[in-house]
Every structure is written in structure tokens, then in C-alpha cells.
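Remarks on the overall topology
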Amino acid sequence: MAVRLSSTFVFRKLHQLTGILPLGIFLLEHFYTNSKAMTVVNGTPGLEFNKAVADLQSIPYIIFIEIGGIFIPLIYHAVYGLFITWEMRPNNVSYPYPRNWFYTIQRVTGIILFFFITFHVLNFRFGLIPGLNDKSVADHSDMAYDIVSGEFANWTIFAVYLVGITATVWHLANGLWLFAVDWGIVIGERAQRFAGYACIAVGLLLLVVGINAQVAFIHKGGLLGLIGLA
Ligand code: HEM
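First, a word on scope: everything that follows refers to the structure included in this document. (Residues numbered from 1 in each chain as written. Predicted model: local features only at pLDDT ≥ 70, side-chain atom pairs only at ≥ 80, totals over all residues. Heavy atoms only, no water.)

Regarding the overall build of the protein
Within the protein, the secondary structure is distributed over eight helices and two strands. Secondary structure elements of the protein occur, N-terminal to C-terminal, as α-β-β-α-α-α-α-α-α-α. Since a compact globule built from 230 residues should have a radius of gyration of about 17 Å, the 19 Å found for the protein is in line with a globular shape. Among the 230 residues that make up the protein, the fraction classed as buried is 39%. Only carbon and sulfur atoms are counted for the fraction: they give 72% of the accessible area of the protein, which is about 13800 Å². (Helix = DSSP H or I, 4+ residues; strand = E, 2+ residues; numbered from the N terminus. Rg over C-alpha atoms; globule rule 2.2 N^0.38 Å. Buried < 20%, exposed > 50% of the residue type's maximum accessible area, 1.4 Å probe, protein only. Areas by Shrake-Rupley, 256 points an atom, 1.4 Å probe, with all protein chains shown as cover.)

Written out as C-alpha cells, the structure is:
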């Protein structure tokens, strides 16, 4: 017997899948590359980060990988996510349980991400934000660390990235849980509760890694350097 799937169901599943694959995986790679900003060679930070940017840009067909693997899934997930948000029925005021709050925060962080990622891509990938450095980090790998650290010296920009990284990590960690439950990977109340704790742990770890890399652009060695341990 042929099974007919409604288009809303397919669009929804595709939205959930793009959040994990490729976007979630890309975020891990992105934090890994950014973490190279922590490495200091002969007293100079940034050389390893610049090399990592150059290595990424030297991947054959990189522009097609970026378009197909990042930009298209990101635009799909963002636009469909905004559509879901527009249709939303928040109920965290009448039912103040964590899950009701998480439902609303998932949508609020989605909106923050929409503006943050647009700004971030135009800024560092393309150098197109008026008043900020007009050099693309990707196209000037020899200056990559200096471009980012120059911008982070401005506390407003630093704060924008702090909010953006926190919102992204929250959205991904809660998204992992939503995905695991909706796709039937985690079934039963007890298992879902443990999966919740695991997602909180993953989220906290990612938050420390993300912020540590961010701090490494304004302070040698990142957070450890800041407290005198590196
Ligand atoms: C760019 C703007 C973005 C918007 C507007 C947005 C919006 C949303 C919304 C509204 C949901 C909830 C869907 C639901 O409850 O059914 C969601 C889920 C999710 N998002 Fe995003 N998102 C964005 C970016 C991202 C990024 C960059 C990532 C990865 C780092 C991501 C990963 C996820 C994951 C894993 C889920 C859970 C999928 C599921 O419900 O099973 N999103 N997004």
C-alpha cells in the first residue's frame, strides 16, 4: 500500500533534519576552527587560526560546499523556522512548565539567530557591514585573526557575539532534545528526562568552548589566559 505524506509533514521533517545535519555538525566544526585562536606560537597568537582558515579555503570546490552544505540548508531552516514562529501559540504564561518555556525560547532564539547569522556572515565572510572592517576573513586568511580581534576590541560587537553564541548553543542543545523525541529516538518519560540532562551537559560544554574561543581573540589563551592559567 502506498503511503502519502502531507507536504507540511515533509517540510517539517526537513526543517528538523537541517537543524542537526548539516547545521549542528557545521557548528561543531566552526567552534573547533575558532578554538585554534587559543594556540599561541612563540608568544604570538593567531598563527594557527590563520592557517586553519587558509586550509578550509583551500578545500577543492569549497564555494559549492559552502552553498550546498551551509547556505541553502541555513536559508531553508531559517525561513521555515520564521514561518513556524509566526504561527506559534505560546502558552508558557498559562502553563509555566519548563517545556512550555523551552517552546517559546526556541522561537525567540531562532529570531535572534536570524539577525545574528545574517550580520555575522555579511561581516566576517563577506566584509560587507558598513563602518566595520571591509575585508572578508575567508579571503584574507593571513589577516584573519587580526580582523576578528580588531572588531572584538569594540565592546558592542563583542557583546553581540556573546549573545549570538549563547542563543545558538541554547537553540542547538534544546533542538537536539526536540529532534531525539520527535524522531522517536528517545521514548518514555524517564529516557526523555535523562536525554534532557544530557542535552544540558552538551549545551554547557559547547557554551564554554564557544566563549573560550571568542575570548581568545581579545586575550591570549582565552578564558584560561584571562584567569592567569595559560
Ligand atoms: C537562522 C535562524 C533560525 C531560525 C529562525 C530557527 C528556527 C527554529 C524553530 C522555530 C525551531 C522549532 C521547530 C519546532 O519546534 O518544531 C527550530 C528547531 C531547531 N533548530 Fe533552528 N532556527 C535557526 C537557526 C538554527 C541553527 C543555526 C541551528 C544549528 C546550529 C539550528 C538548529 C535547530 C535544531 C537542531 C532544531 C530542532 C529540530 C526539531 O524540532 O526536531 N537552528 N529552529
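After that view of the structure, there is still more to cover.
Digging into the packing of helix α1 (residues 7-35) against helix α6 (residues 155-182)
Running from N to C, α1 and α6 cross one another at 135 degrees; their axes reach a closest spacing of 10 Å. Looking at the two axes, α1 sits oblique to α6. α6 is crossed by α1, and the crossing has left-handed handedness. Residues Lys13, Gln16, Leu17, Gly19, Ile20, Gly24, Leu27 and Phe31 of α1 form the contact with α6, whose participating residues are Ile165, Thr168, Val169, Leu172, Leu176, Phe179 and Asp182. In the contact of α1 with α6, the residues fall into nine nonpolar, four polar and two charged. (Axes fitted to C-alpha atoms, helices over the stretch in contact; angles between N-to-C directions. Parallel < 35°, antiparallel > 145°, perpendicular 65-115°, else oblique. Left-handed = near helix turned anticlockwise from the far one by under 90°. Contact = heavy atoms within 4.5 Å. Nonpolar A, V, L, I, M, F, W, Y, C, P; charged D, E, K, R; others polar.)

Looking at the environment of Leu132
Take Leu132: it is sitting in the loop between α4 (98-125) and α5 (144-152). You can call Leu132 partly exposed: its relative accessible area is 22%. Sequence spacing of Leu132 and Asn212 is 80 residues, and the spatial spacing of their C-alpha atoms is 23 Å.

With respect to the coordination of the iron atom of the ligand
At this site the iron atom of the ligand is bound by His77 (NE2) and His171 (NE2), with donor distances of 2.0 to 2.1 Å. Coordination at the iron atom of the ligand comes from six donor atoms whose angles at the metal span 86 to 180 degrees, giving a geometry best classed as octahedral. Here His77 is found in helix α3 (residues 62-86), whereas its partner His171 is found in helix α6, with 94 residues between them in sequence. Judged by its relative accessible area of 16%, His171 falls in the buried class. (Donors = N, O, S within 2.8 Å, 3.2 Å for Na, K, Ca; no water. Tetrahedral: all angles 85-135°; square planar, octahedral: opposite > 155°, others 65-115°.)

Notes on the environment of Ala216
Mapped onto the fold, Ala216 is located in the loop between α7 (189-215) and α8 (222-226). In this structure, Ala216 is in contact with Ala37, Met38, Tyr145 and Gly222, ignoring residues within four places of it in sequence.

Here we look at the site of the ligand
Close contacts around the ligand come from 21 residues, with Arg12, His77, Arg107, His171 and Phe179 the closest. Take His77: an N or O atom from its side chain is 2.8 Å from a nitrogen atom of the ligand. The set of elements that each furnish at least two residues to the shell around the ligand consists of α1, α3, α4 and α6. Its residues placed into classes, the shell around the ligand shows nine nonpolar, 10 polar and two charged. (Near = heavy atom within 4 Å. Polar contact = N/O pair within 3.5 Å; in protein donor to acceptor, adjacent residues only side chain to side chain.)

Describing the nonpolar core
Counting residues in hydrophobic clusters, the biggest one holds 26 residues, and the most contacted among them are Phe49, Phe124, Val137, Phe152, Tyr161 and Phe217. Top element by residues in this core is α6. It accounts for six residues. Contact partners of Tyr161, with chain neighbours within four places excluded, come to Phe116, Phe119, His120, Asn123, Phe124, Phe152 and Gln214. By size, the runner-up hydrophobic cluster in this structure holds five residues, among which are Trp177, Ala180, Val186 and Cys199. (Core = buried A, V, L, I, M, F, W, Y, C linked by side-chain atoms within 4.5 Å.)

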